[in-house]
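So you can see what is in the structure, the chains are spelled out below.
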Amino acid sequence: MGYDPDTCSLEQLTLAKRTNIDAANSSKIQDKRKHVPSEQELFAGIQSGNKARLAQAITLVESTKLADAQKAQQLLEQCLLRKNRSVRIGITGVPGVGKSTFVETLGKQLIAFDRKVAVLAVDPTSSKNKGSILGDKTRMTELSRDANAFVRPSPSGKSLGGVAQKTRETIILCEAAGYDVVLVETVGVGQSETAVHGMVDFFLLLKLSGAGDELQGIKRGIIEMADAIVINKADGDNVKKAKLAEVDFKRALQLYPPKENGWLPVVRSCSALENTGIKEVWEVIAEYLEEATDSGYLLEKRRRQNKYWLLQTIEERLKTDFFNHSEIKQQLTLVTEKVMRNETSPFRAAEELLQHWKDQG
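The structure contained in this document is the topic of the report that follows.

Turning to helix α13 (residues 278–295), a few remarks are in order. Along its 18 residues, α13 runs 26 Å from first to last C-alpha, staying within 8% of the 26 Å computed at 1.5 Å per residue. Among all positions in α13, only I278, V281, W282, V284, I285, Y288, L289 and A292 are buried. Around the axis of α13, the buried residues are gathered within 155 degrees of arc, so they sit on the same side. Relative to its buried face, α13 has exposed residues pointing more than 90 degrees away, namely E290, D294 and S295.

As structure tokens, then:
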């Protein structure tokens, strides 16, 4: 639509200018969205603390596309050389225990201590539609807005213990971006927490009092992995129950041997909602890390974790290569039908498929 400056009114000319400016801005935004940053651009953005670039890098790492996987590996190699010394803390507990509130309160406490905090929160993925709510940013509104915090919700997918398969790589990216405390919040739905335990320095278990959770928690093998147990929601009428639960867990932990480094798991109570007891929880974590660092245990633990993730990566890669092999895909359909018709056993069918894959290799 054209405008003649000699015949148009001032209002029409103003509207025309605004329309042109809006169109130009819209075009710039679209161009930015179309642009796919290179590994060098992502790395430069991560190094400068650009949260948008860090988020793009994590998306790249989480991608299942082969081309993206190659770019992600190159980016990770660069970040490994530049990552800072950080503290990795795993936080788990049953749904409703207040993990998100606890993580946000702890995160704000750490920022007050001049720390930079990254939160990797894993949301459950539906086994039916593969979807995930990814609502942790909405639950951690204050923390996610802080300049010294980065909150990244990720779908759990099919990975062990509800931990996203790429969480460990994401930790490396966050460390390269200058975050010196990385909090990994797990789904906590009763699955094995081995995955998160194998990627953090300190493993914290959140519990509730008066919810029938105490005895169940004592039965679980997760207690053996916990470096500290924290009774959350110790506020209001629940304070007395929380203290009783604290005593019960302390007694229960006497039945377990000390950790490899001689550490005896600590039990504390807190209220993340009222921000009471959070500072004391961090003091426990700091004491553990100081002892583990001085004894050399922390360094040795990370070395073992690297070995564990090497083997896990090989296993995952072999599974991916096997199921993505074109001939295996065809054979798998036929063999599956035979198994379902009881014409062959699952063990025999699996052996034949694996042998066929070896022969093709």
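Let us look at the nonpolar core. In terms of nonpolar packing, the biggest core is built from 42 residues, with I46, L54, L75, C79, L173, C174 and I229 touching the most fellow members. Once you skip the residues sitting within four places of it in the chain, I229 turns out to touch L205, K207, I223, F249, L253, V266, V267 and R268. Residues V97, I111, V119 and C270 belong to the second largest nonpolar core, which totals 39 residues.

Nonpolar side chains collect at one region of the surface, where L310, L311, I314 and L318 lie side by side and expose about 370 Å² of accessible area between them. Mapped onto the secondary structure, I314 falls in helix α14 (residues 297–324).

Each pair of packed helices gets described by two things: the angle between the helix axes and the distance between those axes. Across the interface, helix α2 (residues 39–47) lies against helix α4 (residues 66–82) with an axial gap of 10 Å and an inter-helix angle of 35 degrees. Handedness of the crossing formed by α2 with α4: right-handed. In this structure, α2 contributes E39, Q40, L42, F43, I46 and Q47 to the contact, and α4 contributes K71, Q74, L75, Q78, C79 and R82. Looking at the contact of α2 with α4, its residues break down into five nonpolar, four polar and three charged.

Any aromatic ring pair is given by two values, namely how distant the centres are and how the planes are angled relative to each other. Evaluated as defined, the whole model comprises six aromatic pairs. Here F150 and Y179 contribute two aromatic rings whose centre-to-centre distance is 6.1 Å and whose plane-to-plane angle is 40 degrees, an arrangement assigned as tilted. With F150 in strand β3 (residues 149–155) and Y179 in the loop between α8 (167–176) and β4 (181–185), the pair connects residues that are 29 residues apart, well separated along the chain. Across the pair, Y179 and F150 agree in class, each one buried. Through a chain of ring-to-ring contacts, three or more aromatic side chains come together here, namely F202, W263 and Y288. One residue, K116, lies across the ring of Y179, its end atom 4.7 Å from the ring centre.

Basis of the calculations
- Residues numbered from 1 in each chain as written.
- Predicted model: local features only at pLDDT ≥ 70, side-chain atom pairs only at ≥ 80, totals over all residues.
- Heavy atoms only, no water.
- Helix = DSSP H or I, 4+ residues; strand = E, 2+ residues; numbered from the N terminus.
- Expected span 1.5 Å × (residues − 1).
- Buried < 20%, exposed > 50% of the residue type's maximum accessible area, 1.4 Å probe, protein only.
- Arc of directions from axis to C-beta.
- Core = buried A, V, L, I, M, F, W, Y, C linked by side-chain atoms within 4.5 Å.
- Contact = heavy atoms within 4.5 Å.
- Patch = residues over 30% accessible without salt bridge, like charges linked within 9 Å, V, L, I, M, F, W, Y side chains within 5 Å.
- Areas by Shrake-Rupley, 256 points an atom, 1.4 Å probe, with all protein chains shown as cover.
- Salt bridge = Lys/Arg side-chain N within 4 Å of Asp/Glu carboxyl O.
- Axes fitted to C-alpha atoms, helices over the stretch in contact; angles between N-to-C directions.
- Left-handed = near helix turned anticlockwise from the far one by under 90°.
- Nonpolar A, V, L, I, M, F, W, Y, C, P; charged D, E, K, R; others polar.
- Phe/Tyr/Trp six-rings, centres within 6.5 Å; stacked < 30°, edge-to-face > 60°.
- Lys NZ or Arg CZ within 6 Å of the ring centre and 35° of its normal.

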